[in-house]
Structures are given as C-alpha cells and as structure tokens.
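Next come the chains, spelled out residue by residue.
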Amino acid sequence: MSRGVPGGEVEALRALLLALENVQRSPPEPIFVAVGELARRLQRSRSEIIEGLDMLAGLNFIEGPGAYRESDWLFRRLTRRGEALAELIRDPDDWREALETYGPFLAR
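Quick summary incoming for the structure in this document. (Residues numbered from 1 in each chain as written. Predicted model: local features only at pLDDT ≥ 70, side-chain atom pairs only at ≥ 80, totals over all residues. Heavy atoms only, no water.)

Counted under the stated rule, the structure contains one aromatic pair. Ring geometry for Phe 32 against Tyr 68: centres 5.0 Å apart, planes inclined by 65 degrees, an arrangement best described as edge-to-face. Residue Phe 32 is located in strand β1 (residues 31-34), and its partner Tyr 68 is located in strand β3 (residues 66-68); the two are separated by 36 residues in the primary sequence. Note on Phe 32: relative accessible area 48%, which makes it partly exposed. (Phe/Tyr/Trp six-rings, centres within 6.5 Å; stacked < 30°, edge-to-face > 60°. Helix = DSSP H or I, 4+ residues; strand = E, 2+ residues; numbered from the N terminus. Buried < 20%, exposed > 50% of the residue type's maximum accessible area, 1.4 Å probe, protein only.)

Now the structure itself:
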C-alpha cells in the first residue's frame, strides 16, 4: 500500500476500511485489531496492513492510538470522513463506478 496507490492497493484499503467499520462499537471504545489475523483474511502481509492502517489514520479516515506492540493495532472508530467514505464504497457497483472514474488519478 505504498505511495502510488495502484488498483490492487486501493482495493486493499477499501477492504481494510470496511473491515474496520464492521468491528467498531457504539459508543466508540478501543478495539485491539489483530494485524496477523486481518492480514490473513484480506490476503495481505502484516506490513501492508500496518501501512494501510497508518495511511487511513493519517488521512483522518480512522481514529485510534495506532500500533500496539508487534501484533495489534489499537483502533477506536471510523471518523465522520471515514464513515462517509465507507458509505460511498460499500456497494460493489458504486465502487466499480468510482474506480472507473477516478482510477487513472489514483495511479499517478
């Protein structure tokens, strides 16, 4: 999930954001995200998952203190911005349309 954000990495970020949306609680509380388990489920490496989590946090899509020891990432919730993005990308047809429209810009 490096800087250029090619198509496969955008897909991974989408899957990661939607996975986090599914585990958040209301009211928000800290959640230990098992990085290894999430990496297996999303078929990514641990370092890619950590990089993706850091990227989502840095872009203000998720909130949480971040890495916790070597095996977990402490997540609190999706931000309003993250919730809005999740709403836009949740439906596979909407996602496909967004990729067709914005994909060339993401590959730069």
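The subject of this paragraph is the pattern of salt bridges. Within this structure, the stated rule accounts for seven salt bridges. Arg 25 serves as the salt-bridge partner of Glu 29, at 3.2 Å between the closest nitrogen and oxygen. For Arg 25, a relative accessible area of 41% gives the class partly exposed. A salt bridge links Glu 63 to Arg 77; the nearest nitrogen and oxygen atoms lie 3.2 Å apart. Of this pair, Glu 63 sits in strand β2 (residues 62-63) while Arg 77 sits in strand β5 (residues 77-78); the two residues are 14 residues apart in sequence, bridging distant segments of the chain. (Salt bridge = Lys/Arg side-chain N within 4 Å of Asp/Glu carboxyl O.)

Below, the discussion takes up a negative patch on the surface. On the surface, Asp 91, Asp 94, Glu 97 and Glu 100 cluster together into a patch of negative charge. Along the chain, Asp 91 falls in the loop between α4 (80-89) and α5 (92-106). (Patch = residues over 30% accessible without salt bridge, like charges linked within 9 Å, V, L, I, M, F, W, Y side chains within 5 Å. Areas by Shrake-Rupley, 256 points an atom, 1.4 Å probe, with all protein chains shown as cover. Lys, Arg positive; Asp, Glu negative; His and termini not counted. Charge placed at Lys NZ, Arg CZ, Asp CG, Glu CD.)

What follows deals with the nonpolar core. Residues Leu 17, Leu 20, Leu 56, Ile 62 and Phe 75 are the most contacted members of the largest nonpolar core, which totals 23 residues. Looking at this core, the elements with two or more residues in it are α1 (7-23), β1, α2 (35-42), α3 (46-58), β4 (72-75) and α4. Every residue in contact with Ile 62, bar those within four places of it in the chain, is listed here: Leu 17, Leu 20, Leu 53, Leu 56, Ala 57, Trp 73, Phe 75, Arg 77, Leu 78 and Thr 79. (Core = buried A, V, L, I, M, F, W, Y, C linked by side-chain atoms within 4.5 Å. Contact = heavy atoms within 4.5 Å.)

It is worth spelling out α3 at this point. Taking 1.5 Å per residue as the helical rise, α3 with its 13 residues ought to reach 18 Å, and the 18 Å between its terminal C-alpha atoms agrees with that figure. Those residues of α3 not exposed but buried are Ile 49, Gly 52, Leu 53 and Leu 56. Down the axis, α3 shows its buried residues gathered within 100 degrees of arc, on one side only. Asn 60 occupies a position one or two residues after α3 and carries a positive phi of about 65 degrees. (Expected span 1.5 Å × (residues − 1). Arc of directions from axis to C-beta.)

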